[in-house]
Amino acid sequence: MVLEVVGSSPTSRPTKPLPGGPSLNPWKRLSTRIAYENPWIRVREDAVIRPDGNPGIYGVIELRPSVAIVAINDQNEVALVGQWRYPTNSYSWEIPRGGSLDDEHDLEAAARRELLEETGLEADHWRNLGDLDLCNGVLLSTERVYIATSLRQTAHPPDPAEPIELKWVPFPTALDMILKNEIREATTVAALLKTSAALAR
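Residues numbered from 1 in each chain as written. Predicted model: local features only at pLDDT ≥ 70, side-chain atom pairs only at ≥ 80, totals over all residues. Heavy atoms only, no water.

**Comments concerning the overall build of the protein**
Then, number 1: On a plain count of helices and strands, the protein comes out with three helices and eleven strands.
Then, number 2: Ordering the α and β elements of the protein from the N terminus gives β-β-β-β-β-β-β-β-α-β-β-β-α-α.
Then, number 3: Looking at the protein as a whole, 36% of its 201 residues qualify as buried.
Then, number 4: Look at the contacts in the protein between residues 6 or more apart in sequence, and 59% of them connect residues 24 or more apart.
Then, number 5: Of the roughly 12,200 Å² that the protein leaves accessible, carbon and sulfur atoms contribute 56%. (Helix = DSSP H or I, 4+ residues; strand = E, 2+ residues; numbered from the N terminus. Buried < 20%, exposed > 50% of the residue type's maximum accessible area, 1.4 Å probe, protein only. Contact = heavy atoms within 4.5 Å. Areas by Shrake-Rupley, 256 points an atom, 1.4 Å probe, with all protein chains shown as cover.)

So, in structure tokens, the structure goes:
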């Protein structure tokens, strides 16, 4: 199926150009087709005119908008969740995070749901720290970062399909874990450093 491009992709949110970059897009997109799709990702292939003026194709992996939560308790400890990551074949310590649902347009509501599902926690105070663009040339994914405080534990049952371990780490220790390469997941690294900068102001 070939789709003519009008506006932004359904799985992504429109974004404004960041300051300081070129004002003109050197790429021209002629058409796009969905090469593969499942409930979590979509792969599209675009017919393009490259910056050098020659025709070509560009493959893009699209994810739904997602959320990342830096949950901090009254002891200045951050909630980390440990889980086995299938693509990297390794155990990973991360902040709670996940994708929005098809009918979920309120990302703070998605963040509340993800925090509850992964940790059993609810929070009274939420602070929006803005978006992270996870783009490495082929991946299109935007994650909204939140700080959650005034936490309380609930009896929400864990998701059996997603075995997760919860541990509390002093916030400075979490930053040390980044430098020691004990935390490697990109969103977690960026969100913790962004939170550190925000709290220092």
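**Digging into the nonpolar core**
Then, number 1: Counting 21 residues, the largest nonpolar core has Val70, Val78, Leu80, Ile95, Ile183 and Leu192 as its most contacted members.
Then, number 2: Excluding its chain neighbours within four sequence positions, the residues that come into contact with Val70 are Val78, Ile95, Tyr146, Ile147, Ala148, Phe171, Ala191, Leu192 and Thr195.
Then, number 3: Core analysis: the next-biggest nonpolar cluster, separate from the first, contains 13 residues, Ala71, Ala111, Ala123 and Trp126 among them. (Core = buried A, V, L, I, M, F, W, Y, C linked by side-chain atoms within 4.5 Å.)

**Structural notes on the packing of aromatic side chains**
Then, number 1: For the coordinates displayed, the defined rule picks out three aromatic pairs.
Then, number 2: Ring geometry for Trp27 and Tyr58: centres 5.2 Å apart, planes at 80 degrees, overall edge-to-face. On the criterion of sequence distance, the pair formed by Trp27 in the loop between β1 (2-3) and β2 (28-37) and Tyr58 in strand β4 (residues 55-63) is long-range, its members being 31 residues apart.
Then, number 3: Taking the centre distance of 5.7 Å and the plane angle of 75 degrees together, the rings of Tyr91 and Trp93 count as edge-to-face. (Phe/Tyr/Trp six-rings, centres within 6.5 Å; stacked < 30°, edge-to-face > 60°.)

**Description of the sheet that holds strand β11 (residues 165-170)**
Then, number 1: Reading across from one edge, β7-β6-β11 is the order of the three strands in this open sheet, with antiparallel pairing throughout. Of all strands in the sheet, those bounded by a partner on one side alone are β7 (90-94) and β11. Across the sheet, the mean angle separating the axes of adjacent strands is 30 degrees when strand polarity is ignored.
Then, number 2: The sheet contact formed by strand β6 (residues 77-85) and β11 spans six bridges and is antiparallel. Residue pairing for β11: Glu77 is matched across the bridge by Pro170. (Pairing = 2+ DSSP bridges. Axes fitted to C-alpha atoms, helices over the stretch in contact; angles between N-to-C directions.)

**Considering the confidence of the model for the protein**
As a general rule, the predicted coordinates of low-pLDDT regions are not to be interpreted in detail.
Then, number 1: For the protein, the mean per-residue pLDDT works out to 88, and 89% of the residues sit at or above 70.
Then, number 2: When pLDDT is averaged over each helix and strand of the protein, the minimum, 34, is found for β1 and the maximum, 98, for helix α2 (residues 171-179).
Then, number 3: Here residues 1-14 scores under 50 on pLDDT; set against residues more than four positions off or in separate chains, the count is 31 contacts. (pLDDT = per-residue confidence, 0-100.)

**A word on the environment of Ala35**
Then, number 1: In this fold, Ala35 is placed in strand β2.
Then, number 2: A residue is classified by how much of its surface remains accessible, and Ala35, at 43% relative accessible area, is partly exposed.
Then, number 3: Setting aside chain neighbours within four positions, we find Ala35 in contact with Val43 and Arg44.

**Description of unusual backbone geometry**
Then, number 1: Positive phi is not limited to glycine here, since Asn89 has a value of about 55 degrees.
Then, number 2: For Asn89, the location among the structural elements is in the loop between β6 and β7.
Then, number 3: Even without being a glycine, Asn181 presents a positive backbone phi close to 70 degrees.
Then, number 4: Following the sequence through the fold, Asn181 ends up in the loop between α2 and α3 (186-200).
Then, number 5: Judged by relative accessible area, Asn181 falls into the partly exposed class, the value being 49%.

**So, the pattern of salt bridges**
Then, number 1: Evaluation of the coordinates by the stated rule reveals 18 salt bridges.
Then, number 2: Of the charged contacts in the structure, one is a salt bridge between Arg42 and Glu62, with a shortest N-O distance of 2.8 Å. Taken together, the residues span a long stretch of sequence, with Arg42 in strand β3 (residues 41-49) and Glu62 in strand β4 at a distance of 20 residues.
Then, number 3: For Asp102, the salt bridge is made with Arg64, and the minimal N-O distance between the two is 3.3 Å. Of this pair, Asp102 sits in the loop between β8 (97-99) and α1 (107-119) while Arg64 sits in the loop between β4 and β5 (66-71); the two residues are 38 residues apart in sequence, bridging distant segments of the chain.
Then, number 4: A relative accessible area of 65% places Asp102 in the exposed class.
Then, number 5: A relative accessible area of 22% places Arg64 in the partly exposed class. (Salt bridge = Lys/Arg side-chain N within 4 Å of Asp/Glu carboxyl O.)

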